[in-house]
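Fold and geometry: a report
Spelled out from the first residue to the last, the chains are:
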Amino acid sequence: MTKVLFVVSECAPLVKTGGLADVAGALPAALAQYDVNVRVLLPGYRTVMAQVQKSKPVATYNNLFGNSADVIACQIAGVDFLILDAPHLYDRDGSIYGDATGADWLDNPERFAALCKVGAGIAAGDLPDWQPDIVHGHDWHAGLTPEYLRSAGLETPFVFTIHNIAFHGNASAQKLADLSLDADRFTSDHFEFWGQISALKAGLMGATKINTVSQTYADELMTPEFGLGMDGILQARQSDMSGIVNGIDLDAWNPQTDPNITKFKSPAGKSKNKTALQKTFGLGKADGPLCVLVSRLTEQKGIDLLLDALPALLDNGGQLALLGSGDPALEVALLKAAAKHQNLSVKIGYNEKLSHQMMAGGDAILVPSRFEPCGLTQLYGLRYGTVPLVALTGGLADTVINASPAAMARKVATGIQFFPINAHAFANAFNRLLTLYSDKDVWRSIQRNAMKQPVGWEAAAQTYKDLYESVL
Ligand code: ADP
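Report on the accompanying structure. (Residues numbered from 1 in each chain as written. Predicted model: local features only at pLDDT ≥ 70, side-chain atom pairs only at ≥ 80, totals over all residues. Heavy atoms only, no water.)

The local shell around the ligand holds 18 residues, among which G19, D22, R296, K301 and G349 are the closest. One of the side-chain nitrogen or oxygen atoms of R296 is found 2.7 Å away from an oxygen atom of the ligand. In this structure, Y380 approaches the ligand through a side-chain N or O atom, which is 2.9 Å from an oxygen atom. The protein chains hide 92% of the 570 Å² of surface that the ligand would expose on its own. Of all the secondary structure elements, the ones that give two or more residues to the shell around the ligand are α1 (19–32), β13 (290–297), β14 (319–326) and α15 (377–383). No other element matches the three residues that β13 contributes to the shell around the ligand. In this structure, the shell around the ligand is formed jointly by two domains, domain 1 (2–247 + 457–471) and domain 2 (267–452), each of which donates at least three residues. (Near = heavy atom within 4 Å. Polar contact = N/O pair within 3.5 Å; in protein donor to acceptor, adjacent residues only side chain to side chain. Areas by Shrake-Rupley, 256 points an atom, 1.4 Å probe, with all protein chains shown as cover. Helix = DSSP H or I, 4+ residues; strand = E, 2+ residues; numbered from the N terminus. Domains from an automatic or database assignment.)

Next up on the list: the sheet that holds strand β17 (residues 387–391). Taken in spatial order, the six strands of this open sheet run β15-β14-β13-β16-β17-β18, and their pairing is parallel. Two strands bound the open sheet, and with one partner strand each, they are β15 (344–348) and β18 (416–418). For this sheet, the mean inter-axis angle between neighbouring strands, taken without regard to orientation, is 20 degrees. Bridging between β17 and β18 involves three bridges; their strand directions are parallel. Directly across from L389, in β18, lies its bridge partner I416. (Pairing = 2+ DSSP bridges. Axes fitted to C-alpha atoms, helices over the stretch in contact; angles between N-to-C directions.)

Attention now moves to the side chain of D258. Here D258 is to be found in the loop between β12 (241–243) and α10 (271–280). Summary of buried charges: D258 has no salt-bridge partner, and the nearest side chain of opposite charge, K263, is 7.1 Å away. Contacts of D258, omitting those with residues within four sequence positions, involve A252, K263, H356 and Y384. (Buried < 20%, exposed > 50% of the residue type's maximum accessible area, 1.4 Å probe, protein only. Lys, Arg positive; Asp, Glu negative; His and termini not counted. Salt bridge = Lys/Arg side-chain N within 4 Å of Asp/Glu carboxyl O. Contact = heavy atoms within 4.5 Å.)

What follows is the structure, encoded as structure tokens:
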């Protein structure tokens, strides 16, 4: 049995802002099948503590960046959690990363350094009954862990997964002492990045092995366009770098058992869900496909491209139901567009149940991201026979088979991809979508292919197991 400690800033079902939480929540169960025992170290944010029964701490720290903190062990939804209960860092209003105005918490460096420090403590044997063989950190929040492992004199292997390289977790160099970092290592060989402390760089430099969540994103990260300043480091570490495509939780996302929808087995069973979804979004009947989009609304997600490309869909009988929240300017632009067009309906907010209903009722799911490390909503779409229309990048390139003439002839197409990633190519993709949708037999065959594609964790879990074995 290999024991692995996850160090992660969010984990479903306790706290989620994006795909990272889905991965952290689902991968432990998948790894258990391969004799890997995972415990998940997670900050005890207010929303997390509200779901956790207070019990006798399994570890206590008298002074963790300013005050005392406890580690509480609990099992929730089959995941073994170690919750870092540190009210001075995590018990506050606002979101988990920032205040109500959307600004990052000023003490984010301390908040996530604390998580890393406790991760290193647990690796050193701070828990009475469990000590990991490997620490597996996710994104910049876990990046300082190898620094603390090192200063504790530990050689525990550290696996680092990049879920999104856009976030670097930078802090002022003046925080070196506050964060208990070794000032001698504030150099470009370690964690100094353009004069600042970079938690992400610390993780990349200190990791035994690095992986990201698709092979295409792994390749893209070696280029200046996608590497966002880390491409040189990743090139240097190329031999330790791999790509492992995420899976999805096949129980939570199962059209045959999903309690949020009218259950279905085959594409024909989607029609009741489509009618219900049109009603929920105040859309009428239409001849063309009902597209759906569920996303954070940010530049990464290509929402501005969508706004420019949309007439190609909406003016030709297609519809779009969109759910998301994020950048206020994008929210306003979407609502304005919806007010002008009867075939477009937009809901601003975060709604898990509705996202299931959209997968069930949609004909096609849109993911026009400028970059997308893996992407999950196209995987939900595949499972629900909701054909993905995606940009050709990252995990979207690796998980969707474009309906090219060759793929159609071989009956393997599962979706539509567009490239280059601009509004013109996106509009052309809408034209292809309308054409494919208008031939019911063709459309059904793409939907059936999509529903057959394996999207669970099986393959990824096996590959993570191999990765763990390679570092032991
Ligand atoms: P990212 O992690 O970059 O946000 P992913 O596609 O990897 O993108 O994961 C996003 C996750 O968050 C998916 O599970 C998606 O369904 C969910 N999600 C995003 N926005 C919303 C929303 N407004 N309502 C419900 N779920 C959402």
